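The chain contents come next:
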Amino acid sequence: MSSPFILRFRTPNKYYVYDVNTNCFLQVSEVVYDVMGHSRCNSWLKIADELSGKYDRKTIMRAVTEINQFQRTENVFSAFRPLRLFFPKTLEEVENALNTKMQQLILCVTEQCNLRCRYCIFSGSYKYQRTHTPRWMSFDVAKKAVDLFVRCSSQSEFPALGFYGGEPLLAFSLIEQVVEYVNAKYKNKLSFHITTNGTLLTSDVTQFLVQNNFNIVISLDGPAPIHDAMRVYPDGRGSFDIIMQNLHDMGQKYPEYFKKNVGFNVSLSVPDKIEDVYNFFLQKESILKGKRLTINQIDYEDTDLFENGVLKISDGRAMMNMIKHLVEQAIDGHGLDPFLKALLENPLIRIHQRCSRQLQENHYPNGICVPGVRRIFCDTDGNFSLCERINPNLYIGHVDKGVCADFVMQLIENYVKTSSPDCIECWAIRFCPACYCQLYRDQYDISKKRAFCMAECQNLSLAMAVYCAVREENDHAWDFLDDITLG
Amino acid sequence: MPRYDVSDSGNANNKENPMIKKVFSEKSGSNEEKSGCSCPSCSCGCSCECACDCDIQMQQPAQALSGSASSSFNKATEATSSFASNLKPVGYW
């Protein structure tokens, strides 16, 4: 007989069981927690034997009785598992979404970069990624991609056009051309976004970005010693000083714009120094204080960066100190500062906004998108792929031919088929954010995804413990998560 | 969950000091309700065109990833145990 579909976890003061089928949390006594840990035993006497050093038989018997009663009255602790992952849309629906609901086009305007960041996925240290190349997008390719995108986003509420690289500002003249084209032909239909290393934000460039209301994401890893250890020019010089100077200039000249439109992407290259990074973004009087952040750990799959000593494995202590700080701040009831938000907000939102609908036989394949709809990535040659993070050779179309719905459907079906056996047995199935990026090397490879799953299960169980520990002390602490929608 | 034979357990006095209680229930107006998400089993707050949040993947240290994920029940157990071992040294949890 299968085990109950549960996860046990603890906070400093309490014991919990997360029941997957009902999606609910149960606060349990220590003895129930321990008994549930032996739920593969088919006899309470056997459990009693195994726990005899810790509890007397009467206590264990009472725990077992309550478990059985609760199972009957609340329908929890069921061993039911979904039968399969199931993608509910038909080919026609996928085709329709591709033709009308595209949300974001990302143009890779160049594969060249003026920096040589040591951990970059394009540094040559990642087996399945490209390296820096002198490829540049032509205006003709960009124009075709934009035309197709606008045609295919008629029902999209906020269609967005992003510029990506390499370092996209190396292709500033192309960006100017594209923006001019969009403004002339599709005035106010698209918003503009750019991800940049921040070194080329001269006053002219900044003025252009401000005038066109760009949203800017700048890569900045923390204080100079941390940032400059990784984010360097080809000659090894750090890039911190020039970025900070550019930010300072922008903040001085366009304070409102800087406040609203600029965010930062932080790569945690040295997780053991996360507190230094935190303090850097929290400094009083700093132009960075209160800025929108995303925090990434370096991708540890398919890379020699750890073997070569460029990056070191963390023991996790500094991260746990940060989590402790997060808990304390949340209990205070004033929400979280942007850094702590960025650390754990997404799983906390998923936990907080979970619904109590019973698990079904057919389960939606968790984090996947309809490739090409939420994002579509166009490389310098006009090939479309899923997004900027996946192996760029996984093409789903071309600017001259459009996006192939059959191929998109095939991608989804392969994902579902490959993932299903693992996912239907995984307690994290209702929260999992895994998508194609985690499954694809140069083909679908479940071993890659399993590494992600291990990390994600830890992350989610941590988030559950944080969520519950905070609500033990302040039941309304997470109310600020009520209205946030995950994009 | 297998039913255990506890016919000799008598009447456990559960009501005053329950060993199990449901806590932190779903908020009224879950995201699914608000967004009108039509996905048959989704609970992740997605709009169903995508639930992907690959922008932010806060992952645990790579060290914790060693070993294989043979079965997901083991996965859960391993996750919990290594979670605990990660947490204990900091003297909080």
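Described below are features of the structure shown in this document. Being a predicted model, the structure only gives us computed values, none of them experimental. (Residues numbered from 1 in each chain as written. Chains lettered and ligands numbered in written order. Predicted model: local features only at pLDDT ≥ 70, side-chain atom pairs only at ≥ 80, totals over all residues. Heavy atoms only, no water.)

### A few points about the pattern of salt bridges
Residues and elements named next belong to chain A. Rule in force here: Here a salt bridge means any side-chain nitrogen of Lys or Arg lying within 4 Å of a carboxyl oxygen belonging to Asp or Glu. For each residue, the accessible area found with a 1.4 Å probe, counting protein chains only, is set against the maximum for its type, and the residue is called buried under 20%, exposed over 50%, and partly exposed in between.
If you walk through the whole model with that rule in mind, you get 20 salt bridges over all chains. The partner of Arg-237 in a salt bridge is Asp-235, with the nearest N and O atoms 2.9 Å apart. Overall, the relative accessible area of 49% leaves Arg-237 in the partly exposed class. Residue Arg-471 pairs with Asp-475 through a salt bridge whose shortest N-O separation is 2.9 Å. Relative accessible area serves as the criterion here: at 37%, Asp-475 is assigned to the partly exposed category. Look at the salt bridges and you will find they share partners, linking Glu-111, Arg-130, Arg-135 and Asp-381 into a network.

### Digging into the pairing of strand β1 (residues 6-10) of chain A
Two faces make up the sheet, and in a regular strand the side chains alternate between them. Residue and element names in this part refer to chain A. Let me state the cut-off plainly: Strand pairing follows a simple DSSP-based rule, namely that at least 2 bridges must link the two strands. Going along the chain from the N terminus, every DSSP run of H or I of four or more residues is numbered as a helix, and every run of E of two or more is numbered as a strand.
Across five bridges, β1 lies against strand β2 (residues 15-19) in antiparallel orientation. Opposite Arg-8, over in β2, you have Val-17 as the bridge partner. Adjacent in sequence and paired antiparallel, β1 and β2 are bridged by four residues.

### A few points about the sheet that holds β1 of chain A
What counts is decided by this rule: Note on definitions: angles span 0 to 180 degrees between N-to-C directions of axes, and those axes are lines fitted to C-alpha atoms, for helices only across the stretch in contact. Working rule for contacts: check all heavy atoms of both residues, and any pair within 4.5 Å makes them a contact.
Taken together, four strands build an open sheet; the order of strands is β1(A)-β2(A)-β3(A)-β1(B) and the sheet is antiparallel. Each end of this open sheet is capped by a strand with a single partner; those strands are β1 of chain A together with β1 (20-23) of chain B. The sheet shows a mean angle of 30 degrees between the axes of neighbouring strands, direction not considered. As paired elements, strand β3 (residues 24-28) of chain A and β1 of chain B share four bridges and run antiparallel to each other. Across the sheet, the residue bridging to Phe-25 of chain A is Val-23 of chain B, located in β1 of chain B. In the packing of helix α16 (residues 446-473) of chain A onto the sheet, the strands contacted are β1, β2 and β3 of chain A, and the crossing angle to β1 of chain A comes to about 55 degrees.

### Considering the nonpolar core
When a protein is soluble and globular, its nonpolar side chains tend to lie buried together. All names here are of chain A. Our working definition: By convention a nonpolar core is built from buried Ala, Val, Leu, Ile, Met, Phe, Trp, Tyr and Cys residues, the set being connected through side-chain atoms within 4.5 Å.
Membership of the largest hydrophobic core comes to 139 residues, with the highest contact counts inside it found for Leu-107, Val-146, Phe-163 and Phe-214. A total of 11 residues in this core trace back to one element, the largest contributor, which is α16. Phe-214 has contacts with Phe-163, Ile-175, Val-179, Phe-192, His-193, Ile-194, Phe-208, Leu-209, Tyr-257 and Asn-261, leaving out every residue within four places of it along the chain.

### Some details on helix α9 (residues 240-253) of chain A
Every α-helix winds through 3.6 residues per turn, so residues three or four apart in the chain are directed the same way. All names here are of chain A. Our working definition: Working rule for helices: expected span equals 1.5 Å times residues minus one. Picture the helix axis, draw a direction to every C-beta atom, and the arc is the one those directions span.
Here α9 is 14 residues long and its end C-alpha atoms lie 20 Å apart, about the 20 Å a rise of 1.5 Å per residue gives. For α9, the full list of buried residues reads Phe-240, Ile-243, Met-244, Asn-246, Leu-247, Met-250 and Gly-251. Buried residues of α9, viewed axially, fall in a sector of 160 degrees; they line one side. α9 presents Asp-241, Gln-252 and Lys-253 as exposed residues on the side facing more than 90 degrees away from its buried surface.

### Some points on the packing of helix α11 (residues 274-282) of chain A against helix α12 (residues 317-332) of chain A
The packing of two helices is summarised by the inter-axis angle and the distance between the axes. Residue and element names in this part refer to chain A. Threshold: The cut-offs work like this: below 35 degrees is roughly parallel, past 145 is roughly antiparallel, 65 to 115 is roughly perpendicular, and the gaps in between are oblique.
Between α11 and α12, whose axes approach to 8 Å, the crossing angle comes to 45 degrees. Compared by their axis directions, α11 and α12 come out oblique. The segment α11 lies against α12, with Ile-274, Glu-275 and Tyr-278 engaging Ala-318, Met-319, Asn-321, Met-322, His-325 and Gln-329.

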